[in-house]
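# Tertiary structure, described
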Amino acid sequence: PISSSLATSFTLRPCTSLNMVEKVSFAKYEGLGNDFILIDNRGETDPSLTPEQSEKLCHRHFGIGGDGVIFALKPPSDDYDFSMRIYNSDGSEPEMCGNGIRCFAQFLKDLGEDSKSYRVNTLAGP
C-alpha cells in the first residue's frame, strides 16, 4: 500500500552568505518502506530544486526527511503524459525507482490526473 500526507510548504534555507529563503510546496508519500518528497512541477521541464537542495530536504534531522525527492514534470513530447526525475537523499540522480514510480502514480492521481495508466518518461526511458 501507498500512504501519503500532504503538506503545504517547507522553508528551504541555504547555507550561504546570501540570506535567501525559498518556500517549496510538497507532498510526502511512503511505499513499501521508502518515503519520498513529491513536488508538482508539471508546468516545467526541469526540477525546481538542485540536487544539493534536495539533499537538504531529505535530511531526517534538519529537513523533511526522505529517501529522495521526486519531481512531476512536463513531458518532452506528446509520446508521454509526464516526466519523472528523482534526486536521492545523497543528491545523486538515479535513472528510475520502482517504489518511487508507484508513489508518483498515486501523487498524480491525488492531483486530479485520474487515469488507468500513465506514459512516464524517466532517465531509464519510457
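See the structure shown above.
First, a word on scope: everything that follows refers to the structure included in this document. Just so it is clear, the model here is predicted, and its values are computed rather than measured. (Residues numbered from 1 in each chain as written. Predicted model: local features only at pLDDT ≥ 70, side-chain atom pairs only at ≥ 80, totals over all residues. Heavy atoms only, no water.)

This part is about the nonpolar core. Tyr-29, Leu-38, Ile-70, Met-84, Phe-104, Phe-107 and Leu-108 are the most contacted members of the largest nonpolar core, which has 15 residues in total. The set of elements that each furnish at least two residues to this core consists of strand 2 (22-31), strand 3 (34-41), strand 4 (68-73), strand 5 (82-88) and helix 2 (98-110). Ignoring anything within four residues of it in the chain, the contact list for Leu-108 reads Arg-42, Ala-72, Phe-82, Glu-113 and Tyr-118. Counting 11 residues, the second-largest nonpolar core is a separate cluster that includes Val-24, Cys-58, Val-69 and Leu-73. (Core = buried A, V, L, I, M, F, W, Y, C linked by side-chain atoms within 4.5 Å. Buried < 20%, exposed > 50% of the residue type's maximum accessible area, 1.4 Å probe, protein only. Helix = DSSP H or I, 4+ residues; strand = E, 2+ residues; numbered from the N terminus. Contact = heavy atoms within 4.5 Å.)

For the rest of this paragraph, the subject is the packing of aromatic side chains. Within the structure shown, the criterion is met by three aromatic pairs. Ring plane angle 80° and centroid distance 5.8 Å describe the contact between Tyr-29 and Phe-107, whose orientation is recorded as edge-to-face. A residue pair is termed long-range when its members are at least 10 positions apart, and Tyr-29 in strand 2 and Phe-107 in helix 2 qualify at 78 residues. Assessed through its relative accessible area of 1%, Tyr-29 is described here as buried. Residue Phe-107 is classed as buried on the basis of its relative accessible area of 4%. Note on Phe-71 and Tyr-87: the rings are 5.5 Å apart at their centroids and 75° apart in plane angle, and the pair reads as edge-to-face. Linking Phe-71 in strand 4 with Tyr-87 in strand 5, this pair joins segments that are 16 residues apart in sequence. Relative accessible area serves as the criterion here: at 6%, Tyr-87 is assigned to the buried category. (Phe/Tyr/Trp six-rings, centres within 6.5 Å; stacked < 30°, edge-to-face > 60°.)

Read these as geometric descriptors, not functional statements.
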